[in-house]
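Chains, contacts and geometry: an overview
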Amino acid sequence: MIARRLAALPDRALWLAIGGALFALSAWPLLLVELPPFQDLPNHVASAYIARHLDLYPAYTFNGLWKANSALELWLQLFGDEHLLSGGRTFAAIAIAGNAFGLPWFVLRAAGREAMVTASLVLWPLVHSFFLAMGMLNFALA
């Protein structure tokens, strides 16, 4: 019955359903914590806070926003001091969504519909990849 329903879906709807399922499977832990415990993410959030308050940290030399984590730094500039943690969590969700929807789309375009359905069973470790777990969200998003 499920196979018949999947076969009746157009490619775009099937891709969105698979991407949504992969996103839900990978992103639900973000609802449990204030800031995901990815290795480097707390450091990026802390450096964004310090960069806004250079007068409190005179020993810190800020070298600007152009660096390896520039996408996250620019994203955190949109949030006030009281919302930096939610900004970090939102950027993590965006990186997960990029992988959850991008990987099935790539398989659909490269190998076809049947391969996308089959590959979706093993794509979830790639959605929550090494770069995401290490907090390198710019690389995970790329």
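All values reported here derive from a predicted model rather than from experimental measurement. (Residues numbered from 1 in each chain as written. Predicted model: local features only at pLDDT ≥ 70, side-chain atom pairs only at ≥ 80, totals over all residues. Heavy atoms only, no water.)

Some words on the packing of aromatic side chains
To describe a pair of aromatic rings, one takes the distance between the centres and the angle between the planes. Put simply, the test is: Only the six-membered ring of Trp is used, alongside the rings of Phe and Tyr, when aromatic pairs are assigned; centres must lie within 6.5 Å, and planes under 30 degrees apart are stacked while those over 60 apart are edge-to-face, with the rest tilted. Per the convention used, a helix needs a DSSP run of H or I reaching at least four residues, while a strand needs a run of E reaching at least two, with both numbered from the N terminus. Buried, partly exposed and exposed residues are distinguished by accessible area as a fraction of the type maximum, computed with a 1.4 Å probe on protein chains only: under 20%, between the cut-offs, and over 50%, respectively.
If you walk through the whole model with that rule in mind, you get five aromatic pairs. Considering the side-chain rings of W75 and F91, the 6.2 Å spacing of their centres and the 50° angle between planes classify their relative orientation as tilted. In this pair, W75 is assigned in helix α4 (residues 70-76) and F91 in helix α5 (residues 84-111), connecting sequence segments 16 residues apart. Looking at F91, the relative accessible area reads 4%, which means it is buried. An angle of 35° between the planes, with centres 5.7 Å apart, marks the rings of F131 and F139 as tilted. When its relative accessible area of 36% is taken as the criterion, F131 is described as partly exposed. By relative accessible area, F139 is classed as partly exposed at 47%. Through a chain of ring-to-ring contacts, three or more aromatic side chains come together here, namely W75, F79 and F91.

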